[in-house]
Amino acid sequence: MNGASFEQEHSGDASQAAAVPLVRAEAPRPGGRAAHYTGHMTVYVLVVALVSATGGMLFGFDIGIVGGVEAMASFQKQFFPDIYARTVSGMGDTNAYCKFHDMRLQLFSAIMFLSGAVVAVPAGYAARVFGRKISMLVSGCLFLLGAGLQAGAHSLTQLIVGRCVLGLGVGTAACVVPVYIAEVAPYASRGGLAYLFQVATTVGILAAQLVNWGCQWIPDWGWRLSLGLAAMPASILCLGGLVLPESPSYLIEQGRWAQGRAVLQKLRGTDEVDAEYADICDAAQQAAKVSNVQSWKNLVARHNLPMFIMSTSLAAFQQLTGINAVIFYAPIMFDSLGDSSSALLNAVVIGATNVLCTFVGLVLVDRWGRRPLLIQGGLQMAVSQIATAIVLALSFKSDGTIASGAAIAALVLICVFVAGFAWSWGPIVWVLGAEIQTMDTRTSGMSATVAVNYLCSFIIGQSFLSMLCAMEWGTFLFFAAWNLLMTVFVFFLLPGQRWGIPIEDTAYSCLFARHPIWKRVMGRAGRAVLEREGFRAAAWREARGVEGGDLRQLAKYYQTMGL
Ligand SMILES: OC[C@H]1O[C@](O)(CO)[C@@H](O)[C@@H]1O
């Protein structure tokens, strides 16, 4: 066995963070066939990046738009007259924390995530069976329909139906767009894709907050414009679904090899694509071995169980930070604090902090590593929430108003919270969630992560205003407690110090199999993973001519067993 052949055998599936959410890119090991990839940035690939950004931005836009719309008087007058009455005629005996408490208002904010969670699993399957292009087109159309239904709404039911339709678009886009990008982007640009999607999400949130800030001056139909403007990026996504090429991986998986190769040549701007084409064929062959149902079964098999628990727990914790309580409800929170004139501007400040600090995370994530950043971010969020609770507890006056200095302090503290989220838990959950999956859990792993994350967003969105009304400033202590808990979770249970991009598939399994707690969960399956890794390592050394009789024997065994 020589070095080249070993690397060729294994180069198709080394793992690297690729995309949010469904799949990791096939990222061959440096020095394997990847070293022979040719091609350069082409117009196609740039358009592809634009489509990726549009998918993420639409997601963010639809998250960021609701809070500001809910704070607009014309919207309240039409759909929530009780709340409108409370805002114009004062609170009377009502507690200021309860000013916006309304289950239907919460449903309007949150329902999008519920339908997104429901569609995440079938959407991943549809992308695999019917293709990425058609799935993108469907997702764009759902966004368009949802935006139209909302902008033209005359009843709360229509608004909520529109929001559900948007959720279907969001769930589909979140599953298909990153997969598509991972498959068409050049190998060297794939690493940042998980991050790109999160950056685009934050930009979408900020765009929505700016739109709301501008539209609040339009007296009667400003909210319609806010909700309807999502149609613009949605049209770009539809157009992408129509004019972009189908992904080479999908075509090859379908046995349309010549077409797949031709698209690859077009994407790379060269006819010399042999090495990459061979890798895609290998990966497609591997993928074909794992059916969808099998992939779900593998997810909870003992050798994968710790990774499944880890990625879904991180996804749930990401929402239990309370981030979407802030993103959804910041404008009406500031309105409740008696600061209605600048409520929408405050939301813009929060959104801008979110974007900027997501970029900061981009720099830190590979320097500091995932684990330290998650711990730092968790602590920062907990401390800022405790401080917010203290400020609110001390500064509410008996007439239900708050001193203006305290409202500013609350804004600063919420920005500190958002900053901590944006450079840690926001993107890293997706980066890790993508890295952690093995070949046999590819299709199911990220669907599960997305579904859990959306479900938790729904629960928080649906309950935050009720919690605020019942627990007042204590709500912030509730989230602070979660932040401390998740920090402790990461400290004890996330293996590795600076956990970075693994060299190959089993690298993550090995980290878990060596961890004092997880190794008990994995049991014999964990020992088998380590044993296999030992053989792999031996084969690797053998391939490089490292001395050692035993190693040679192991390598031979490894080879004959096809491990
Ligand atoms: O940037 C904040 C946004 O990021 C997400 O957590 C996704 O990673 C969204 O749920 C949230 O609105």
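Parameters and conventions
- Residues numbered from 1 in each chain as written.
- Predicted model: local features only at pLDDT ≥ 70, side-chain atom pairs only at ≥ 80, totals over all residues.
- Heavy atoms only, no water.
- Helix = DSSP H or I, 4+ residues; strand = E, 2+ residues; numbered from the N terminus.
- Contact = heavy atoms within 4.5 Å.
- Areas by Shrake-Rupley, 256 points an atom, 1.4 Å probe, with all protein chains shown as cover.
- Disulfide = S-S within 2.5 Å.
- Buried < 20%, exposed > 50% of the residue type's maximum accessible area, 1.4 Å probe, protein only.
- Phe/Tyr/Trp six-rings, centres within 6.5 Å; stacked < 30°, edge-to-face > 60°.
- Lys NZ or Arg CZ within 6 Å of the ring centre and 35° of its normal.
- Polar contact = N/O pair within 3.5 Å; in protein donor to acceptor, adjacent residues only side chain to side chain.
- Near = heavy atom within 4 Å.
- Nonpolar A, V, L, I, M, F, W, Y, C, P; charged D, E, K, R; others polar.

## Here's the deal with the overall build of the protein chain
- If you tally the helices and strands in the protein chain, you get 25 helices and zero strands.
- Once local pairs closer than 6 in sequence are excluded, the contacts in the protein chain between residues at least 24 apart make up 79%.
- Accessible surface, the protein chain as shown: approximately 21,100 Å² in total, 67% of it carbon and sulfur.

## Some remarks on the state of the cysteines
- Inspection of the entire model under this criterion finds one disulfide.
- Two residues share a disulfide in this structure: Cys98 and Cys469, whose sulfurs sit 2.0 Å from each other. One quick way to see it: the torsion about the S-S bond of Cys98 and Cys469 is about 90 degrees, and its sign makes the bridge right-handed. Taken as a pair, Cys98 in the loop between α4 (81-89) and α5 (103-130) and Cys469 in helix α21 (residues 442-471) lie far apart in primary sequence, 371 residues in all.
- Residue classification places Cys98 among the buried positions, given a relative accessible area of 12%.

## A short note on the packing of aromatic side chains
- Summed over all chains, the structure comprises 19 aromatic pairs.
- Where Phe59 meets Phe113, the ring centres are 6.1 Å apart and the plane angle is 75 degrees; that geometry is what we call edge-to-face. Of this pair, Phe59 sits in helix α2 (residues 43-70) while Phe113 sits in helix α5, and the two are 54 residues apart along the sequence.
- Under the relative-accessibility criterion, Phe113 is labelled buried at 1%.
- Ring centres of Phe75 and Trp223 lie 5.5 Å apart, and the angle between their planes is 70 degrees; on these two criteria the pair is classed as edge-to-face. On the criterion of sequence distance, the pair formed by Phe75 in helix α3 (residues 73-79) and Trp223 in helix α9 (residues 222-228) is long-range, its members being 148 residues apart. In terms of burial, Phe75 and Trp223 fall into one category: buried.
- Taken together, the ring pairs in this structure connect Phe59, Phe113, Phe317, Phe328, Tyr329, Trp425, Tyr454, Phe464, Phe478, Phe479, Trp482 and Phe489 into an aromatic cluster.
- Cation over ring: Arg163 sits above Phe108, and NZ or CZ is 5.7 Å from the ring centre.

## Focus: unusual backbone geometry
- Notably, Glu472 is not glycine yet its phi reads approximately 50 degrees, a positive angle.
- Within the secondary structure, Glu472 sits in the loop between α21 and α22 (474-493).

## What about the side chain of Ser135?
- Within the secondary structure layout, Ser135 lies in helix α6 (residues 132-151).
- One polar contact links the side chain of Ser135 to the main-chain carbonyl oxygen of Gly131, over a distance of 2.7 Å.
- When sequence neighbours within four positions are dropped, the list of residues in contact with Ser135 reads Ala126, Ala127, Thr172 and Val176.

## Some details on the site of the ligand
- Around the ligand, the structure places Ile63, Gln198, Thr202, Ile205, Gln318, Gln319, Ile323, Asn324, Asn354, Phe421, Gly426 and Trp430.
- A distance of 2.7 Å separates an oxygen atom of the ligand from a polar side-chain atom of Gln198.
- Between Gln318 and the ligand, the recorded distance is 3.0 Å, taken from a side-chain N or O atom to an oxygen atom.
- Within the complex, the protein chains bury 100% of what would otherwise be the 310 Å² of accessible surface of the ligand.
- Along the lines of polarity and charge, the residues of the shell around the ligand split into five nonpolar, seven polar and no charged.

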